[in-house]
Amino acid sequence: MAAPPRKAGRRIRVLLPLPLAEAYDYWLPADVPAGPGSFVEVPLGGRTTLGVVWEDAPEGGVAEGRLRDVIALKPAPPMHKPLREFVDWVAAYTLSPAGAVLRMAMAAPSALDEPAAVAGWRAVQPRPEGARITPDRARALEALGTATLPGTEISRRAGVSPGVVRGLASVGLIRPASMPRQAAFPRPDPGHAPPVLAEAQSRAAEALVRGVAAHAFGVTLLEGVTGSGKTEVYLDAVAECLRQGRQALVLLPEIALSTQWLTRFERRFGAPPALWHSELTSRTRRVTWRAVAEGTAPVLVGARSALFLPFPDLGLIVVDEEHETAFKQEEGVIYHARDMAVVRARLEQAACVLVSATPSLESVTNAKDGRYARLALPQRHGGASLPEIRALDLRVTPPERGRFLAPPLVAAITETLARGEQAMLFLNRRGYAPLTLCRTCGHRMQCPNCTAWLVEHRAQRRLLCHHCGHTAPTPPACPECGAEHSLVPIGPGVERIQEEVAELFPEARRLVMASDTIPGPAAAAEAARQIEAREVDLIIGTQIVAKGWHFPHLTLVGVVDADLGLGGGDLRAAERTMQLLHQVAGRAGREAAQGRVLLQSFAPDHPVMAALMADDLPGFLDAEAAQRAPGHWPPFGRLAALIVSSEDARAAERAARDLGLAAPEGEGVQVLGPAPAPLALLRGRHRHRLLLKAPRGVRVQPILRDWLGRVDVPANVRVQVDVDPVGF
Ligand code: ADP
Ligand code: ZN
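The name given to the protein in an unreviewed UniProt entry is Replication restart protein PriA, with Roseococcus suduntuyensis as the source organism. Checking UniProt for the protein, the heading Subunit (unreviewed entry) contains the comment "Component of the replication restart primosome."

In structure tokens:
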């Protein structure tokens, strides 16, 4: 059969936001004015789908006559070349399908159908006769005046409920009207209320500002003790970026908890930034994506996924708390947002600033090797001194039986409260007790889906798996031996510490800060308000309290179990523990009063405790480097993990063994394993792991691709590739 006659046009390649490795060829009719980066609708099987014109394709495997036509061009700004290159780069680096990466950049596909303007309301003139005007309606009409405003804005300005606006519409007093979309994101004003910077701050800020003004790629590591005013410094770089008319992106590890940060931003710039995180409503996502793409969102603050937004003119990327593991995405496309931020900045010819009081060994090494510039703020702002850190040897002064706070810590809390100051107790464990044990038979309550114990959450009277979410009521009797009243909690979680301080300090007003009690931005803002207003005396919290909070009246931090993160075989266990404890300690004494930190530990001589007490983080990192360098461990060598998993235990084991037998050799490459993965059972999947280790100069991607290509893995087994794994 002869091919149907075809319209004039040309062959192009379209990448679809689906887990496909390759772009597909299509025929672009000459009357569809799409160029590289255009969003287009194309047929796929029996349906249509959205995609992005990736490149012109002079030739391809499919005969011209059999190519299907591009259906339509979407009226959205095309994805510019640096972002397309970024998608390809991330895909190649992480060994992910390019379409899966594109999907992250198209996080709000329906935004492509947004009309060019958003809907608002206008008063109908002259007023229709007979329409009832209540006092509320009159106020709303007055607030609207002759302007066009969205309904939410009318009700906000007039102080009336959204129902009043709907009422106005139903009686014909207002009508829908379109208004410019820009209204969604007011422009932050770089000159609104800049602070007077201290001398060290000014010097650092000037260097960053020069970097932004240069319109060129460069990475700077901004270091400075907790409370030294790093935020104000990098906000100067944001201000410069605004003055240049380019867009700025700030990545924060835990955006939902960053209410204090947002307040500060708005005070300084007179307008809030655009936000990007997983809890946005789909409408806000759509509007934000579109505003970013059109360049009308000048500053965006977001979680790691914001890195894939379609900024047409990105001048600056800031990664605050660059050492945080929250920047690593462990599902789907496995990537580290801090590392990829550097790549995106390079492709966009933008400045990149990595910020931390406790920078990662990776970033410090890059700075030492001259790849990154380095700026330091050595002192706390406003003359506040750093807290005094001391270890409490639990072998010498153990807590009383059945308690977890040692007498010297209890005494320190007593003194602090007597002075009218606030104290914080940190324990990085949610719930009441991490383990529930039967006193009679020794049975341990374990998750049926994971290699993990169930954690008691006493307030809900339930046991909960922190890995898969499995939950069950706390049983009245041991499920194994049937003994009643025999299950006992072993070890503390924050709820249990809360119970202990309630007994010790019944008068003190207590607040537990954990993801169960602080589920989102509103709760975080309320907690911060209560603490700032001194409505709370004692804070008991998990790692949530380690984030950048600024609590002026907090002077004592007690770490319930400073050894908690040090066990296990994790390469970065010491580094991570040091960072976490330093951040927690940094919450104490941020204003006039001297802060104090007590670390309860069974290993007070451990290098982590020693470094914290001596305030010698550089020394600690040097020692870490000296340990890792000889064995070519990161950052002095490359590492990639293969996680082999299946619901079928034997299939997973067999596939892992086959991969082990086909392990690559040469170029100094070494394969460790297969061995059971750290969580050998997770969400019902049996997991094995192989680690590939290579010298720093070796590109591991081709080696991995080769390796995976040599082994047939059955359909019920999944192999995930994790390049630069953290937490192993
Ligand atoms: P870091 O991010 O280094 O922990 P912050 O930027 O949070 O430090 O600053 C600590 C505190 O000092 C904050 O309350 C901040 O508002 C204040 N601060 C920092 N620099 C200045 C400045 N130049 N003028 C006024 N206040 C400042
Ligand atoms: Zn589980």
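Don't stop here, the text continues.
Our next topic: the UniProt feature "binding site: Zn(2+) 2" (unreviewed entry) in the protein. In the numbering used here, UniProt assigns the feature "binding site: Zn(2+) 2" (unreviewed entry) to Cys 447, Cys 450, Cys 465 and Cys 468. Spanning 22 residues, the named residues form one tight spatial group whose C-alpha atoms are at most 8.6 Å apart. For Cys 447, the contacting residues outside a window of four places in its chain are Ala 452, Leu 454, Cys 465, His 467, Cys 468 and His 470. Structurally, the position occupied by Cys 465 is in the loop between β21 (462–464) and β22 (471–473). Excluding residues that lie within four positions of it along the chain, Cys 465 makes contacts with Cys 447, Asn 449, Cys 450, Ala 452, Leu 454 and His 470.

Let us now look at the pairing of strand β15 (residues 351–356). For β15, a buried count of 6 out of 6 residues is recorded, marking the element as mostly surrounded by other parts of the structure. Judged by which residues are buried, β15 turns out to be covered on both faces: Ala 351, Val 353 and Val 355 on one side and Cys 352, Leu 354 and Ser 356 on the other are all buried. Where strand β8 (residues 218–224) meets β15, 6 bridges bridge the pair, whose relative direction is parallel. Pairing of Val 219 across the sheet is with Cys 352, part of β15.

A few words on the domain arrangement of the protein. As assigned here, the protein comprises domain 1 (9–106), domain 2 (134–172), domain 3 (199–377), domain 4 (388–434 + 491–626) and domain 5 (636–723). In this structure, domain 1 and domain 4 have C-alpha centres spaced 51 Å apart.

Taken together, 16 residues lie around ligand 1, and Pro 195, Gly 229, Lys 230, Thr 231 and His 381 are the ones closest in. Counting residues per element, the shell around ligand 1 draws most heavily on helix α7 (residues 230–243), at 3 residues. Its residues assigned to classes, the shell around ligand 1 comprises 4 nonpolar, 10 polar and 2 charged.

Within helix α16 (residues 607–614), the full set of buried residues consists of Val 608, Met 609, Ala 611 and Leu 612. Seen end-on, α16 carries its buried residues on one side only, within an arc spanning 165 degrees. At its buried positions, α16 is contacted by β17 (388–393), α15 (573–585), β27 (596–601) and α17 (617–628). Phi turns positive, to about 50 degrees, at Asp 615, one or two residues after α16.

A word on the UniProt feature "binding site: Zn(2+) 1" (unreviewed entry) in the protein. The UniProt record annotates "binding site: Zn(2+) 1" (unreviewed entry) at Cys 438, Cys 441, Cys 478 and Cys 481. Across 44 residues of sequence, these annotated residues stay compact in space, with a maximum C-alpha separation of 8.5 Å. In this fold, Cys 441 is placed in the loop between β19 (435–438) and β20 (455–457). With near-sequence residues (within four places) excluded, Cys 441 lies in contact with Cys 478, Glu 480, Cys 481 and Ala 483. Not counting residues up to four positions away in its chain, the partners in contact with Cys 478 are Cys 438, Thr 440, Cys 441, His 443, Ala 483, Ser 486 and Leu 487.

So, about the sheet that holds strand β28 (residues 637–646). The strand order across the open sheet built from 4 strands is β29-β30-β28-β31, with neighbouring strands paired in antiparallel fashion. Two strands bound the open sheet, and with one partner strand each, they are β29 (670–682) and β31 (718–723). If you compare each strand with its neighbour and ignore which way they point, the axes differ by 20 degrees on average.

This paragraph deals with the environment of Pro 519. Take Pro 519: it is sitting in the loop between β24 (510–513) and α14 (521–532). You can call Pro 519 exposed: it has 12 C-beta atoms within 10 Å. On a C-alpha basis, the gap between Pro 519 and Ala 256 in space is 8.6 Å, while along the polypeptide they are 263 residues apart.

Turning to the confidence of the model for the protein, a few remarks are in order. Predicted confidence across the protein gives a mean pLDDT of 92, with 98% of residues reaching 70 or more. Prediction confidence for the complex, expressed as pTM and ipTM, is 0.88 and 0.97 respectively.

Let's shift gears to the sheet that holds strand β9 (residues 247–251). With parallel pairing, the 7 strands of this open sheet are ordered in space as β10-β11-β9-β12-β15-β8-β16. In this open sheet, the two edge strands, each paired with only one partner strand, are β10 (274–276) and β16 (373–377). Going across the sheet, the axis of each strand differs from the next one's by a mean of 20 degrees, ignoring polarity. In the packing of helix α10 (residues 337–348) onto the sheet, contacts are made with β8, β9, β12 (314–320) and β15, and the angle to β12 comes to roughly 165 degrees.

On to helix α12 (residues 407–418). The terminal C-alpha atoms of α12 lie 16 Å apart, and with 12 residues this matches the ideal 16 Å at 1.5 Å per residue to within 8%. Regarding α12, the residues found buried are Leu 409, Ala 412, Ile 413 and Thr 416. Projected down its long axis, α12 shows its buried positions confined to an angular sector of 100 degrees, all on one face. Turned more than 90 degrees away from the buried face of α12, the exposed residues are Ala 411 and Ala 418. At its buried positions, α12 is contacted by β17, β18 (422–426), β26 (554–559) and β27.

The rules behind the values
Residues numbered from 1 in each chain as written. Chains lettered and ligands numbered in written order. Predicted model: local features only at pLDDT ≥ 70, side-chain atom pairs only at ≥ 80, totals over all residues. UniProt positions renumbered as here; feature names shortened; annotations may be inferred. Contact = placed C-beta atoms within 7 Å. Helix = DSSP H or I, 4+ residues; strand = E, 2+ residues; numbered from the N terminus. Buried ≥ 20, exposed ≤ 12 C-beta atoms within 10 Å, placed from the backbone. Pairing = 2+ DSSP bridges. Domains from an automatic or database assignment. Near = placed C-beta within 6 Å. Nonpolar A, V, L, I, M, F, W, Y, C, P; charged D, E, K, R; others polar. Arc of directions from axis to C-beta. Axes fitted to C-alpha atoms, helices over the stretch in contact; angles between N-to-C directions. pLDDT = per-residue confidence, 0-100. Expected span 1.5 Å × (residues − 1).

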